[in-house]
Amino acid sequence: MRNADIRRLDREIQATTKKLEAVRRGEWWPLNSRERRAMARALAGGAYKVARGRSAGRAEKRMDATGNAAEMRLNAELTALHGERQRLITEAARAKAAKKARGWF
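Sequence order as written defines the numbering, with residues in each chain counted from 1. Local features are withheld for residues below a pLDDT of 70 in this predicted model, meaning they are given only at 70 or higher, and side-chain atom pairs are given and counted only at 80 or more; totals for whole chains, interfaces and linings count all residues. Note that water and hydrogens are dropped before the side-chain values are worked out from all heavy atoms of the structure.

Asker: Help me out: how do you make sense of the side chain of Thr-16 in this one?
Answerer: Here a helix means four or more residues in a row that DSSP labels H or I, a strand means two or more in a row labelled E, and each is numbered from the N terminus. Along the chain, the position of Thr-16 falls in helix α1 (residues 3-25). In this structure Thr-16 comes out as buried when scored by relative accessible area, which is 6%. Of the polar contacts made by the side chain of Thr-16, one reaches the backbone oxygen of Glu-12; its length is 2.8 Å. Not counting chain neighbours up to four residues away, the residues in contact with Thr-16 comprise Leu-74, Glu-77, Leu-78 and Leu-81. Three exposure classes are used, based on accessible area relative to the maximum for each residue type with a 1.4 Å probe and protein chains only: buried under 20%, partly exposed in between, and exposed over 50%. Polar contact criterion, stated in full: a pair of N or O atoms within 3.5 Å, where within protein one must be able to donate a hydrogen and the other to accept it, and residues adjacent in sequence count only if both atoms are side-chain atoms. Residue contacts follow a heavy-atom distance rule, with two residues in contact if any of their heavy atoms lie within 4.5 Å.

Asker: Honestly, helix α2 (residues 33-51) in this entry has me stumped. Any pointers?
Answerer: An α-helical turn contains 3.6 residues, so any two residues separated by three or four positions project in the same direction. In this model α2 runs 27 Å from its N-terminal to its C-terminal C-alpha over 19 residues, within 8% of the 27 Å that 1.5 Å per residue would give. Every buried residue of α2 is accounted for by Glu-35, Ala-38, Met-39, Ala-42 and Gly-46. The buried residues of α2 occupy an angular sector of 100° when the element is viewed end-on, so they sit on one face. Seen from the buried face of α2, the exposed residues on the opposite side, beyond 90 degrees, are Arg-41 and Ala-51. For α2, the secondary structure elements touched by its buried residues are α3 (57-101). Residue count minus one, scaled by 1.5 Å, sets the expected span of a helix. By construction, the arc corresponds to the directions joining the helix axis to the C-beta atoms.

Here is the structure:
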């Protein structure tokens, strides 16, 4: 309702957008702990397979799936933040219109 709330949401939206772009580039820092563990497990398994002279195709697919899941999670967060921001703006506009409708004072 207040501008401070909207600014706070704008900062969160920017941070989430940066995280989403980083995940798309393949960086690990925006991942949560469960996703990091899954990536590390897949990486270790793939390295073991390659060291044994076998294909690491399944491990690569697992890493891609984990990255895609993180991207979907961040997209959902971003959508929720945009919806909350829009709700706050609408609420502020209604309050302002009600205040103006009361009269001169």
